[in-house]
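Structure assessment
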Amino acid sequence: MLAVVLVITGAFAGIWLHLELRRDAYLARAEACEQEASRTPLTLPEPRATARRIQVADRCRAPAERERAGYMLGGALTAMLAGSAVVFLTPLVVRRRWRLRPLTVASVAVERRAAELAAGMGLRRTVRLRLGRSDLADPFAYGRPGVHRVALTRGLLAAYRSDPAVFDAVMRHELAHLRHGDVAWTAVASSVWYVVGPMLAVPVVVAVTGTGLSLLPGYLWRVTVLAVVVHLVTVATLRTREHDADLRAAEGRWEGALRSALSHARDAGGRPWYRRGPLALHPSPARRLAVLDRPQTVASLSFVDALVAGFLATTTVALVVEIGWTATVGTAAQAGARLAGALAAGALLGPVIGLALIRQVLVCRVVGQSPVLAPAAVGVGLGVAVGQIVAVAGTGTGRLAGLEQPVWLLVSASFAIGATMVCGSAAALLAGYAGRTRHARAVWIPAVLVTTAVYTVALWIAGQAQLLADGAGMSWLLAWSVTGLAAPAVLLAGASATAAAVTALTGRGSDVLPAWLSVGPPAPDRTPASPGGLTALVVGLSAGSGGAVVLAANRALRGAATTEAAQVQRFYTAVWIAAVAAAAATMALSVRSASRGPALAAVAGPVAVGTVVCGLVTLNLVQGTMPSWDAIWTVSRLSVALGVALGLLVAAAALFGHEGGPRPVVVAGATTVLTLVVAALIAAFPGAIVPTILLTA
């Protein structure tokens, strides 16, 4: 996430520089383009006339928008180059600061022992040892890509003879940093403010010295939030890597020696206030010992970590959309900017959240605990909302998050919460068959892929829904929900989640944990769980049956549709009822089991839609007509896509769910009742859900 922080910071500084230096010219160009579009003679009917005027204005603004994108890209590239320079310059600075020099000939045995430990930990490159000046308190690993070094203290060098076990344990800790690839990221994290500080100060200097202070208040509060996020990412990066290195170093017979070294390590008591407590970049010895006692304390995805991830993801969306939209304005590629932004955010959250969730679930199985997903879900949702407020979309517009009605921020937050619950429960399902796998990648690769797909679709749907609801109105949002929502990406994400759930449910479980998860013989799985596949099928069939009953009753009460508008309304009503059946199944399963229910809905949802569609086909056959395969595919495709969107929203109900809920029969009955009630309301008032623009298109 450090790389993302640097890119976002650079782009943020770039867009504000553009506002400070080119704002008047940009606004003048935009106003002229709007006037040109309004004067364009058109004979097209609405809403095509409005769409055509928007195209004319966009093409007119294209040069100004591309200049705006250039400022953002320039800032992002500058930050990336500065971060790369830090990686290569840090070893030189460290060497001069601590006067590091090679060991003497008398210490050849120390180098030989370090080489043996490095080989035992799987390091292929030669690790070079350096001795620091007398006031160097702690050893550390450093270097540049391809050249690894460990700086030793005089006390550690003496421990090679006085206490070899402690020497080995401390050396293993430093070598673990090299084994994990920590050196480059540690250098960036430790020096991040040397890059971020000057870049964020440039717009302030420009405003104070020339362009005026009118934009400065809006910039300063955003910078404050961004600075807090930068610090949180830095702290999380450095502390997590210390704990991971400790756990690696303590494997086998070295745990006791490492504990001895930590018990005699220097605490932070003598350090300045800004290097202690929450502001400390390095965990205290007491905290490191506590993690050795209970490793699961660092395996859980915390609220703060999830909030930071959500913040960075949504600012990534805004950055990519802004650059993509402005760079392609007036061209056919402009429509793909929002999907590209969602893909970028999904590619960030997939590895970050996906790996954290599967790790949390697996460790909980080791210690016999149920994973708690609610803090992470709420953190991601809040981070998405805050990131949208701070992001470039609202910069200089005078609107919060670029929205006329900021209440629509709840849409993106709700989708993010629901997506996190779905991803966490998918990780729980995948962990159920981990004991049968030989390699960790057989579990974490599917977890990352599913998480990436789910977050990509969730953020894309949320962005499109906000854009339409805030800019065009609810009628356009409802129309898009049963037309444009059924994009290939949505269907592909739904299919991938269903495939992963089916694989996990049909794969043979195991009563032991995987060998790659623990040292020594396979440990028993303390939390074996029933697959839940039968429950998902029963709930899906129940929800679908309820929807089919409402369709039949609606046909019997209203009779056959005699006009084209009535037929269109009846068609989209069926789509909504099928999607509502899938959403009802999702809500019921999520409330019944917070850790597994949302993922089981990936099976129950398609079953519910399929049952409604089968009921619709049967109803037509009874009346003597056979729908075409194209019509069946169309209603199925639209229903599944809308069911995915509604399912992501109602999956947030898992926040209030618990394990060991009602029996499957009770859940199925409640699902049927819920589907009957909501579907009956849709059938009774179709005009509230099927807008007029669909009937006249």
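In short, a report on the structure. (Residues numbered from 1 in each chain as written. Predicted model: local features only at pLDDT ≥ 70, side-chain atom pairs only at ≥ 80, totals over all residues. Heavy atoms only, no water.)

Below, the discussion takes up the overall build of the chain. Assigned secondary structure in the chain consists of 23 helices and four strands. Taken against the 2.2 N^0.38 rule, which gives 26 Å for 697 residues, the C-alpha radius of gyration of the chain at 29 Å falls within 12% of a compact globule. Burial analysis of the chain (697 residues in total) assigns 51% to the buried set. Of all intrachain contacts in the chain linking residues separated by at least 6 positions in sequence, the fraction that spans at least 24 positions is 82%. Accessible area of the chain: about 31,200 Å², with a carbon and sulfur share of 64%. Of the charged side chains in the chain, 58 are positive and 33 negative; the average position of the first set lies 5 Å away from that of the second. (Helix = DSSP H or I, 4+ residues; strand = E, 2+ residues; numbered from the N terminus. Rg over C-alpha atoms; globule rule 2.2 N^0.38 Å. Buried < 20%, exposed > 50% of the residue type's maximum accessible area, 1.4 Å probe, protein only. Contact = heavy atoms within 4.5 Å. Areas by Shrake-Rupley, 256 points an atom, 1.4 Å probe, with all protein chains shown as cover. Lys, Arg positive; Asp, Glu negative; His and termini not counted. Charge placed at Lys NZ, Arg CZ, Asp CG, Glu CD.)

Applying the stated rule across the entire model yields twelve salt bridges. Taking the shortest distance from any N to any O, the salt bridge between R113 and E116 comes out at 3.0 Å. Here E116 and R113 lie together in helix α3 (residues 108-120), a separation of three residues that amounts to about one turn. Classification of E116 as partly exposed rests on a relative accessible area of 43%. D168 is the partner of R113 in a salt bridge, and the nearest nitrogen-oxygen pair spans 2.7 Å. (Salt bridge = Lys/Arg side-chain N within 4 Å of Asp/Glu carboxyl O.)

All right, on to the packing of aromatic side chains then. This model, assessed by the stated rule, comprises seven aromatic pairs. Judged by centre distance (5.2 Å) and plane angle (75°), the ring pair of Y160 and F167 falls under edge-to-face. With a centroid separation of 5.1 Å and an interplanar angle of 75°, the aromatic rings of F571 and Y572 are classed as edge-to-face. Residue F571 is classed as partly exposed on the basis of its relative accessible area, which comes to 29%. (Phe/Tyr/Trp six-rings, centres within 6.5 Å; stacked < 30°, edge-to-face > 60°.)

Relative to the assigned elements, V204 resides in helix α7 (residues 192-211). Given the relative accessible area of 24%, V204 is considered partly exposed. Between the C-alpha atom of V204 and that of A13, which follows or precedes it by 191 residues, the distance is 9.7 Å. With residues near it in sequence (within four places) discarded, V204 still touches L216, Y219 and L220.

Among the five residues in strand β3 (residues 140-144), four count as buried, and that is most of the element. Strand direction decides the pairing type here: β3 and strand β4 (residues 147-152), joined by five bridges, are antiparallel. In the sheet register, G143 faces β4, and the bridge partner there is H148. Here β3 folds back onto β4, and the loop between the two strands holds two residues, one of which, G146, carries a positive phi near 95°. (Pairing = 2+ DSSP bridges.)

A separate point is the state of the cysteines. Enumeration according to the criterion identifies one disulfide in this entry. The residue that forms a disulfide with C33 is C60, at a sulfur-sulfur distance of 2.1 Å. Where C33 bonds to C60 through sulfur, the torsion about that S-S bond is close to -75°, and the disulfide is left-handed. Taken together, the residues C33 in helix α1 (residues 2-38) and C60 in helix α2 (residues 48-98) connect sequence positions 27 residues apart. The pair formed by C33 and C60 is uniform in burial state, with each residue classed as buried. (Disulfide = S-S within 2.5 Å.)

This next bit is on unusual backbone geometry. Of note in the backbone geometry, R99 takes a positive phi value of approximately 50° without being a glycine. Along the chain, R99 turns up in the loop between α2 and β1 (101-102).

Inside soluble globular proteins, nonpolar side chains tend to come together where they are buried. In terms of nonpolar packing, the biggest core is built from 161 residues, with L312, I461, L485 and L648 touching the most fellow members. Contact partners of L485, with chain neighbours within four places excluded, come to W460, I461, W480, V490, A641, L642 and A645. Grouped together as the second largest cluster of nonpolar side chains are 33 residues, L152, V170, L175 and V183 included. (Core = buried A, V, L, I, M, F, W, Y, C linked by side-chain atoms within 4.5 Å.)

Before going further, it helps to spend a moment on the pairing of β4. Most of β4 sits inside the fold, with six of its six residues counted as buried. Of the two faces of β4, the one carrying V147, R149 and A151 and the one carrying H148, V150 and L152 are both buried. As paired strands, strand β2 (residues 127-131) and β4 are joined by five bridges and run parallel to one another. Following the sheet pairing, V127 is matched in β4 by H148.

Taken by themselves, the reported measurements are silent on function.
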